[in-house]
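In case you want the letters, here they are:
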Amino acid sequence: MTSNGPLIFISHSSKDIEIIKPFIDHILKNGIGFRNEEIACTSFVATGISPGASIPDYIKRNILGSKICLAMISKNYKSSEVCMNEVGAAWAVGNVPVQIVLPDANFDELGWLISTNKAAKINDEASLDSLMEIICNRCGKSIVTPKDWNPCKKEFLQSMEKAQSSQKDEIKVKESKKIVRFPESVFTLAKKPSLNVFDTHFRVRDIDEGEYQTQIDFRLRADENVSIRHMWLINNDSF
């Protein structure tokens, strides 16, 4: 790991990207002043893995080389084998992760992952203030002055409120229109010995005059001999 490599490794579930992205934008980049190349986060092009690179090697290298590991704890996180491996690896190499609890999780249900004296709540002002100081100290950054920090923190908290409000509205729309919840078995994923599909998630994003706008999220892992050039989504059903 060279001195100009990532300073922060963000261990997270890909299903939580609607929270992770504003955290990177408002807190890490605008608030503290990190550049894309100083952040390792696999879910985004600017901070993620280069084409052709090995995912396990990337994760191991950045956990070992980063100054701080942020574990973004959620229900999705705890149910992800990949996330459990990441946080376990961070503990094993001595890069004890700073644990950040997302809105859908609480201390009681997360068991051994959480030390209640050290975990930060992502939507709590005091926790964000403490988190900023910890990150700055670990990474050799100057503590951000309230004048520069507070507007960025406010923007992030507002984005969190909007995201949570949007999720509640989406749930209400689904319930009022009695949307069919498609079972996971509706998808048949191609299986190859050298290619693995995981963390699949399906949801209906919007409905307009009977038109369903759907979203499918998934992650692909291939061995070093595989390059993914094209992908197709084929619908064999009538809907």
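Here, the structure is the one placed above.
No experiment lies behind these values; they were computed from the predicted model shown.

Regarding the overall build of the protein chain
Next, step 1: Secondary structure assignment for the protein chain yields six helices and seven strands.
Next, step 2: Taken across its 239 residues, the protein chain has 38% of its residues classed as buried.
Next, step 3: Roughly 14,600 Å² of accessible area belongs to the protein chain as shown, and the carbon and sulfur atoms make up 49% of that amount.

Section: the environment of Ile-8
Next, step 1: Relative to the assigned elements, Ile-8 resides in strand 1 (residues 8-11).
Next, step 2: Along the backbone, Ile-8 and Ile-135 are 127 residues apart, and their C-alpha atoms lie at a distance of 8.6 Å.
Next, step 3: Setting aside anything within four residues of it in sequence, one finds Ile-8 in contact with Leu-28, Phe-34, Glu-38, Ile-39, Ala-40, Ser-66, Ile-68, Leu-70, Ile-135 and Cys-139.

Thoughts on a nonpolar patch on the surface
Next, step 1: A surface patch of nonpolar side chains, amounting to about 300 Å² of accessible area, comprises Phe-218, Ile-228 and Met-231.
Next, step 2: One can find Met-231 in the segment after strand 7 (211-222).

Some thoughts on the pattern of salt bridges
Next, step 1: All told, the structure shown has seven salt bridges when counted by the stated rule.
Next, step 2: Taking the shortest distance from any N to any O, the salt bridge between Arg-35 and Glu-38 comes out at 3.5 Å.
Next, step 3: The class of Arg-35 is partly exposed, set by a relative accessible area of 46%.
Next, step 4: Overall, the relative accessible area of 9% leaves Glu-38 in the buried class.

Remarks on the nonpolar core
Next, step 1: By size, the foremost hydrophobic cluster in this structure holds 31 residues, and its most contacted members are Ile-8, Phe-23, Leu-28 and Ile-135.
Next, step 2: Filtering out sequence-adjacent residues up to four positions away, Phe-23 remains in contact with Leu-28, Leu-70, Met-72, Ile-100, Ile-122, Leu-131 and Phe-156.

Some words on helix 5 (residues 125-139)
Next, step 1: The end-to-end C-alpha separation of helix 5 is 21 Å, in line with the 21 Å expected for 15 residues at 1.5 Å each.
Next, step 2: Taken together, the buried positions of helix 5 are occupied by Ser-127, Leu-128, Leu-131, Met-132, Ile-135, Cys-136 and Cys-139. Across the axial projection of helix 5, the buried residues extend over an arc of 165°, all falling on one side. Opposite the buried face of helix 5, by more than 90 degrees, sit the exposed residues Ala-126 and Asn-137.

Considering the environment of Leu-195
Next, step 1: Within the secondary structure, Leu-195 is located in strand 6 (residues 195-208).
Next, step 2: The class for Leu-195 is partly exposed, based on a relative accessible area of 23%.
Next, step 3: Each C-alpha atom of the pair Leu-195 and Leu-220 lies 7.0 Å from the other, and the pair is 25 residues apart in sequence.
Next, step 4: Discounting residues that sit within four places of it in the chain, Leu-195 has contacts with Leu-220, Arg-221, Ala-222 and Ile-228.

About the criteria used
Residues numbered from 1 in each chain as written. Predicted model: local features only at pLDDT ≥ 70, side-chain atom pairs only at ≥ 80, totals over all residues. Heavy atoms only, no water. Helix = DSSP H or I, 4+ residues; strand = E, 2+ residues; numbered from the N terminus. Buried < 20%, exposed > 50% of the residue type's maximum accessible area, 1.4 Å probe, protein only. Areas by Shrake-Rupley, 256 points an atom, 1.4 Å probe, with all protein chains shown as cover. Contact = heavy atoms within 4.5 Å. Patch = residues over 30% accessible without salt bridge, like charges linked within 9 Å, V, L, I, M, F, W, Y side chains within 5 Å. Salt bridge = Lys/Arg side-chain N within 4 Å of Asp/Glu carboxyl O. Core = buried A, V, L, I, M, F, W, Y, C linked by side-chain atoms within 4.5 Å. Expected span 1.5 Å × (residues − 1). Arc of directions from axis to C-beta.

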